[in-house]
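# Chain and residue survey
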Amino acid sequence: AQRTWVALATARDATSRAISREQGEGAPWSAADARPGGGWRDYVAGALDAAESLGVARGGYEVAVASDVPMGAGLSSSAALEVATIAAALAAAGI
């Protein structure tokens, strides 16, 4: 079975950072000024933004991603990343 795992913790400041086992480090971003960068990090930033509507606090996060879902193969790797990110954010918030 193919899976995507996300580990998430609150950052010390308002800057979020994401790293992927497969893609390396994504550019840091601020929730107040998250501009699309055209990469996988955009899915993480968008999912955290969506998680806010579910009660997750706005702020900075440290995010680590690992996935064995092939990117660009039509297997919804972006959806898997977004769902895993929201689930991790909800768990970290105790929701």
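Up top is the structure.
Read on for a plain summary of the structure.

Cut-offs applied
Residues numbered from 1 in each chain as written. Predicted model: local features only at pLDDT ≥ 70, side-chain atom pairs only at ≥ 80, totals over all residues. Heavy atoms only, no water. Helix = DSSP H or I, 4+ residues; strand = E, 2+ residues; numbered from the N terminus. Rg over C-alpha atoms; globule rule 2.2 N^0.38 Å. Buried < 20%, exposed > 50% of the residue type's maximum accessible area, 1.4 Å probe, protein only. Contact = heavy atoms within 4.5 Å. Areas by Shrake-Rupley, 256 points an atom, 1.4 Å probe, with all protein chains shown as cover. Lys, Arg positive; Asp, Glu negative; His and termini not counted. Charge placed at Lys NZ, Arg CZ, Asp CG, Glu CD. Pairing = 2+ DSSP bridges. Expected span 1.5 Å × (residues − 1). Arc of directions from axis to C-beta. Core = buried A, V, L, I, M, F, W, Y, C linked by side-chain atoms within 4.5 Å.

### Focus on the overall build of the protein
Along the backbone of the protein there are two helices and five strands. Shown N-terminal to C-terminal, the secondary structure of the protein runs as helices and strands in the order β-β-β-β-α-β-α. Over its C-alpha trace the protein gives a radius of gyration of 12 Å, about what one expects of a compact globule, namely 12 Å for 95 residues. Dimensions of the protein, computed from the C-alpha atoms along their principal axes, are close to 35 × 25 × 20 Å. Each of the 95 residues in the protein was classed as buried or not, and the buried ones make up 33%. Intrachain contacts of the protein at a sequence separation of at least 6 include 69% that bridge at least 24 residues. As displayed, the protein has an accessible area near 5400 Å², and 53% of this comes from carbon and sulfur atoms. Distance between charge centres in the protein, computed from 7 positive and 10 negative side chains, equals 3 Å.

### Describing the pairing of strand 2 (residues 15–20)
Burial of strand 2 is one-sided: the residues Ser 16, Ala 18 and Ser 20 facing one way are buried, the residues Thr 15, Arg 17 and Ile 19 facing the other way are not. Here two bridges tie strand 2 to strand 4 (residues 29–30), and the two strands are oriented antiparallel to one another. In the sheet register, Thr 15 faces strand 4, and the bridge partner there is Ser 30. Bridge count between strand 2 and strand 5 (residues 61–67): four bridges; the pairing is parallel. Opposite Ala 18, over in strand 5, you have Val 63 as the bridge partner. The pairing of strand 2 with strand 3 (residues 24–25) spans two bridges and is classified as antiparallel. When the sheet's bridge partners are listed, Ser 20 is paired in strand 3 with Gly 24. In this antiparallel pair of consecutive strands, strand 2 and strand 3, the connection spans three residues.

### With respect to helix 1 (residues 41–52)
Across its 12 residues, helix 1 extends 17 Å between first and last C-alpha, which sits within 8% of the 16 Å expected from 1.5 Å per residue. Listed in full, the buried residues belonging to helix 1 are Arg 41, Val 44, Ala 45, Ala 47, Leu 48 and Ala 51. Here the buried residues of helix 1 occupy an arc of 160° about the axis, which is enough to place them on one side. Considering only its buried residues, helix 1 is in contact with strand 1 (4–10), strand 4, strand 5 and helix 2 (77–93).

### Description of the nonpolar core
Generally speaking, a soluble globular protein has its nonpolar side chains buried in company with each other. Val 6, Leu 8, Val 44, Leu 48, Val 63 and Val 65 are the most contacted members of the largest nonpolar core, which has 18 residues in total. Element by element, the count of residues in this core is highest for helix 2, at five residues.

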